[in-house]
Structure formats: structure tokens, C-alpha cells
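Remarks on the overall topology
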Amino acid sequence: MLDYFDLESDLTEEERMVRNTAREFVSDRVRPDIGDHWLEGTFPKEIITEMGELGFYAPNLDGYGLPNLSERAYGLLMQELEACDSGLRSMASVQGALVMYPIHAYGSDEQKERYLPDLSAGEAIGCFGLTEPEHGSNPSAMETHAERDGDGYVLDGTKTWITNSPIADVALVWAKDRSADDTVRGFLVDTDTAGVTTNKIEEKLSLRASITGEIHLDDVHVEESAVLPDVEGMKGPLSCLTQARYGIAWGAVGAARDCFETAREYATEREQFGGPIGRFQLQQEKLAEMATQITLAQLLADRLAELKERGEMRPQHVSMAKRNNVRMARDQSRIAREMLGGNGITADYSPMRHMANLETVYTYEGTHDIHTLVLGEDLTGLQAYQ
Ligand SMILES: Cc1cc2nc3c(=O)[nH]c(=O)nc-3n(C[C@H](O)[C@H](O)[C@H](O)COP(=O)(O)OP(=O)(O)OC[C@H]3O[C@@H](n4cnc5c(N)ncnc54)[C@H](O)[C@@H]3O)c2cc1C
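Residues numbered from 1 in each chain as written. Predicted model: local features only at pLDDT ≥ 70, side-chain atom pairs only at ≥ 80, totals over all residues.

As recorded by an unreviewed UniProt entry, the chain carries the name glutaryl-CoA dehydrogenase (ETF) and is attributed to Natronomonas aquatica. Taken verbatim from the UniProt record of the chain, the Catalytic activity (unreviewed entry) comment is "glutaryl-CoA + oxidized [electron-transfer flavoprotein] + 2 H(+) = (2E)-butenoyl-CoA + reduced [electron-transfer flavoprotein] + CO2". As stated in UniProt under Sequence similarities (unreviewed entry), the record for the chain gives "Belongs to the acyl-CoA dehydrogenase family." (UniProt positions renumbered as here; feature names shortened; annotations may be inferred.)

This is the structure in C-alpha cells:
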């Protein structure tokens, strides 16, 4: 596997073990059927608990039986999952970074005990409801709201593009609390609560091996105990997104690496004009550029892990890494596809599947444009969002 600057030699024993476990799991349990799942638009649900048993959900958190691995180990895990399919990494990202992290960081002891062990084991599935039909890049304009009602709240609104909502047991719904000046709060809503519906979004052309849906909340009554007590305002959802985007910055490198390895192998085996296409300078230039771009992205992700471990990572660092690494993977997957000629457009090879998936990764968790504006603001002190 491409590791041109030998990052491997700096890994701890534990990090190497996590990486190898994830690589083997993906190769034995997911890779053989992922193309079929992608074509069918299904997620291999049987692996959800297996990933739980292996400690793949929020492994960088501690307590409640969680592994408390290093941030680099967590990143390597995301990289291996996404080397298989962005949908697989999305499952682990949502469960770990977008559902378990906020419960861990902002939940009550009762919420932690109730949800974290089951989510960690994959016995329960969580989803994260922030985006709405009319409010994507600007979630602070959300319309979903909560109204005080006796000893709890009544929730109304619609969330869309929610990964795993149709198969989720619990939804973390972000809503404005009308009884407290429209402050944004997080509500843990069990999806079997009366008034909750989670329709699946069909016919996606990207991230097909991932279940995506809506969350409709129609006069949904929840107890006071459903509110995450320790966070208010947009800091709540945005801090979760920082965690998930960290994993994406690593994961996208995995998708690109898989495209590179597929193209490299193909170039040495496919013969035209009496020999392997890899002997042509045009093909070598593509591989050289791909390897360089992947290596730069690996180094960026690795440095990001170091900053995160030290507690010095800023959301803007994550924006730069997510923005760069996903764009890189999106661009390089297309080059890899091109190198495979006609075979490259089939599901027998991974590059075009990765390429289609990366359209989602480029768009979700802050679009490429929005991260550009985050960096622009950080560099100039001037906001350019509106
Ligand atoms: C498969 C999939 C899974 C997802 N999973 C989840 C999930 O689990 N939970 C969740 O809450 N959300 C999820 N999302 C939603 C995702 O985060 C949003 O799609 C994303 O934030 C963009 O919002 P939008 O689609 O409404 O696009 P819009 O915000 O309408 O943007 C449209 C275009 O306008 C550009 N744009 C917007 N504002 C500006 C600006 N100020 N300046 C310049 N350009 C701008 C954007 O970059 C984009 O190109 C998912 C999306 C997909 C596709």
C-alpha cells in the first residue's frame, strides 16, 4: 500500500494493530460484496454489530467500555474503512463522531449509560439530524423547533439527507427551543416515538451503499431527559461536525489510495501495443501525480492527528484538511478511472464507485465552498458567507 514517506515507521504497536484489524475486516467481510451492495443500494447490515465487536465506533473516546485509542489510530481506522467504500466510513463516522461523541461530551450520566454501550456494540444505531430541506449550508436558519409542554417538549419539523435514519433506533435532532429564545438544543429522540417517521431517500447516484433518509417530527413529545444538558447553541452540532470531518480528512485518503492501487496494478497488467500500459510515460505521469497528491494528503492527516492529540487542533485546521483531502480524492479517483479504460466504468473495479461516492463526501459535512469560506474568514478576519 502506498506509504511513500514511511509513515508506517512512526506508528505505535497499537496503531498498527488497529490498522491491520480494519484492513483485514474490510478485505474479508466487506470488500467481496461491496460492489453488489452499491449497485443494489443496500448497506451490509450484518456487519454493524461485527464492527461494534471490533470497537470501530468512537474508538478515540474513553469510559463506558470505549477503547480510548489515539487520534491517529482512529484516523487509520477511518482510512481503511473508506478504502473500501465511503458508505462504510460514513456509517462509523455518524455512529461514533455524530451520535456517540455528543452524548459522551454533552449528555447526562443517565443518557450515557442508556445509549453509549449499545451504540458502541452496534446493538443500537444512531443518526444525526441537522440538515433540513431548506437549510443545508446554513443550518443555523433551521426551522425544526421544540416547544415546552408540561415536563417535556413537543418537537416539530423535518430533517433530510440523514445518514442511517431509516434504520436508526435513536436520532439526535437539533432544534430551536422556542421557550428559550430559539436556542439550538440537541434532543435524543427514539425513532419509535409517536409522530416520528423516517422515509428512505431512493435512487441516489452516490454513496449508494449507505442508507439515507428523512426525519419527520409531527408533534413528537419527548421528556426533559431527552435534551443534551451540557450544550446550547450551534456549538453543539458544529463541534460534532469537527469530529466527523477529522475522520473524513483521513478517510478520503483511503478512497484515493484504493484508486491508486487499483490503477497501478491495472497499469502493470493491462497490455496494449505489445506491452503493459504502465510503460507509457503518459500513464506514469498519472501515477506519479496521484502518488504525490495522496502522500501530501497523508502528511496533512497525520499532522492533524498530532494537533488533535495535543488539544491544539482548531476547526479551521479540520476545514483545510477535509477540503484538500476530499478534493484530492475526488480528482484522483477520476484519473484512476480513466487509466482503467472501459473496464473503469464497471462495478468490477472500485475507482468509479469511489468517484461517485466522493461527490457526496465533497458536499456533506460542509461543502467544499463552505470550507473555502471558513478558511477565507480565518485568513482575513472577514466573513463572506452572505
Ligand atoms: C448522502 C448524504 C448524506 C448526508 N448525511 C447527513 C447526515 O447524516 N446528517 C445531516 O444533518 N446532513 C447530512 N447530509 C446533508 C449535507 O450535510 C448537506 O447536503 C450539505 O450541508 C449541503 O447542504 P445542501 O445540500 O442543502 O446544499 P446547499 O446549502 O443548498 O448548497 C448548494 C450549493 O451552494 C453552495 N453554497 C451554499 N452557501 C454558499 C455560500 N455562502 N457561498 C458560496 N456558495 C454557497 C454550496 O457549496 C453548494 O455548492 C448528507 C448529504 C448527503 C448527500
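This paragraph deals with the overall build of the chain. On a plain count of helices and strands, the chain comes out with ten helices and nine strands. Taken over the C-alpha trace, the chain has a radius of gyration of 21 Å; the compact-globule value for 386 residues is 21 Å, and the two agree within 12%. Along the longest, intermediate and shortest principal axes, the C-alpha atoms of the chain span 80 × 45 × 45 Å. Counting across all 386 residues of the chain, residues that qualify as buried make up 49%. Partitioning the intrachain contacts of the chain with sequence separation of at least 6 by distance along the chain shows that 74% fall at a separation of at least 24. (Helix = DSSP H or I, 4+ residues; strand = E, 2+ residues; numbered from the N terminus. Rg over C-alpha atoms; globule rule 2.2 N^0.38 Å. Buried ≥ 20, exposed ≤ 12 C-beta atoms within 10 Å, placed from the backbone. Contact = placed C-beta atoms within 7 Å.)

The end-to-end C-alpha distance of helix H4 (residues 86–106), which contains 21 residues, comes to 28 Å, matching closely the 30 Å that a straight helix rising 1.5 Å per residue would cover. When you tally the buried positions in H4, you get 20 out of 21 residues, the bulk of the element. (Expected span 1.5 Å × (residues − 1).)

Here we come to the UniProt feature "domain: Acyl-CoA dehydrogenase/oxidase N-terminal" (unreviewed entry) in the chain. As annotated in UniProt, the feature "domain: Acyl-CoA dehydrogenase/oxidase N-terminal" (unreviewed entry) corresponds to residues 12–123 in the numbering used here. Helix and strand shares over residues 12–123 are 74% and 0% respectively, and the end C-alpha atoms of the span are 30 Å apart.

This part covers unusual backbone geometry. Positive phi values are uncommon outside glycine, yet Trp161 reaches one of about 60 degrees. Structurally, the position occupied by Trp161 is in strand E3 (residues 152–163). What makes Trp161 partly exposed here is the crowd of 19 C-beta atoms within 10 Å. In the Ramachandran plot, Asp182 falls in the positive-phi region, its phi being about 60 degrees despite a non-glycine side chain. Relative to the helices and strands, Asp182 resides in the loop between strand E4 (170–177) and strand E5 (183–190). For Asp182, a count of 13 C-beta atoms within 10 Å corresponds to the partly exposed category.

Right, let's get into the pairing of strand E7 (residues 212–223). Two strands pair when backbone bridges link them, and E3 and E7 are joined in this way by nine bridges, in the antiparallel orientation. Of the residues in E7, the one forming a bridge with Leu155 is Val220. Where strand E6 (residues 196–197) and E7 come together, two bridges link them in antiparallel fashion. Each residue of the ladder has a partner; that of Val196, found in E7, is Leu217. (Pairing = 2+ DSSP bridges.)

Once that is clear, we can look at the site of the ligand. Close to the ligand lie 21 residues, the nearest being Leu130, Gly136, Ser137, Thr367 and Asp369. Put simply, the parts of the chain that give the shell around the ligand at least two residues each are strand E1 (126–129), E3, helix H9 (351–363) and helix H10 (368–380). Taken together, the residues that form the shell around the ligand break down as ten nonpolar, nine polar and two charged. Split by domain, the shell around the ligand shows at least three residues from each of two domains, domain 2 (126–226) and domain 3 (235–380). (Near = placed C-beta within 6 Å. Nonpolar A, V, L, I, M, F, W, Y, C, P; charged D, E, K, R; others polar. Domains from an automatic or database assignment.)

Take the nonpolar core next. One finds Leu155, Val173, Phe187, Val189 and Ala256 to be the most contacted residues of the largest nonpolar core, which totals 106 residues. What Leu155 contacts, discounting residues up to four positions off in sequence, is Ala146, Val173, Ala175, Phe187, Val189, Leu217, Val220 and Val222. (Core = buried A, V, L, I, M, F, W, Y, C linked by C-beta atoms within 7 Å.)

Moving on to helix H5 (residues 109–121). Along an α-helix, a turn takes 3.6 residues, which lines up residues three or four apart on a common side. Compared with an ideal rise of 1.5 Å per residue, which puts 13 residues at 18 Å, H5 spans 18 Å between its outermost C-alpha atoms and is within 8% of the ideal. Of all bends in H5, the biggest is about 30 degrees, found at Tyr115, and the proline Pro117 comes one to four residues later. Taken residue by residue, H5 has Gln111, Tyr115, Leu116, Leu119 and Ser120 as its buried positions. The elements touched by buried residues of H5 are helix H2 (47–53), H4, E1, E4 and E5. Just beyond H5, the residue with positive phi is Gly122, at close to 75 degrees. (Bend = angle between axes of the 7 residues up to and from the residue.)

Take the UniProt feature "domain: Acyl-CoA dehydrogenase/oxidase C-terminal" (unreviewed entry) in the chain next. Mapped onto this structure's residue numbering, the UniProt feature "domain: Acyl-CoA dehydrogenase/oxidase C-terminal" (unreviewed entry) falls at residues 233–378. Annotation note: span residues 233–378, helix share 78%, strand share 3%, distance between end C-alpha atoms 21 Å.

Packing of helix H3 (residues 71–84) against helix H6 (residues 235–269) brings their axes to within 7 Å, and their N-to-C directions diverge by 40 degrees. The pairing of H3 with H6 is recorded here as oblique in orientation. When you trace H3 past H6, the crossing you get is right-handed. Where H3 approaches H6, its residues Tyr74, Gly75, Met78, Gln79, Glu80, Leu81, Glu82 and Ala83 are matched on the opposing element by Gly247, Trp250, Gly251, Ala252, Val253, Gly254, Ala255, Arg257 and Asp258. (Axes fitted to C-alpha atoms, helices over the stretch in contact; angles between N-to-C directions. Parallel < 35°, antiparallel > 145°, perpendicular 65-115°, else oblique. Left-handed = near helix turned anticlockwise from the far one by under 90°.)

Viewed as axis vectors pointing N to C, H4 and H6 meet at an angle of 150 degrees, and their least axial separation amounts to 9 Å. Relative to H6, H4 is oriented roughly antiparallel. Judged by the twist between their axes, the crossing of H4 over H6 is right-handed. Note on element contacts: H6 touches H4 through Gly236, Cys240, Gln243, Ala244, Gly247, Ile248, Gly251 and Ala255, opposite Ser86, Arg89, Ser93, Ala97, Leu98, Tyr101, Pro102 and Tyr106. Residues of the contact of H4 with H6, tallied by class, amount to nine nonpolar, six polar and one charged.

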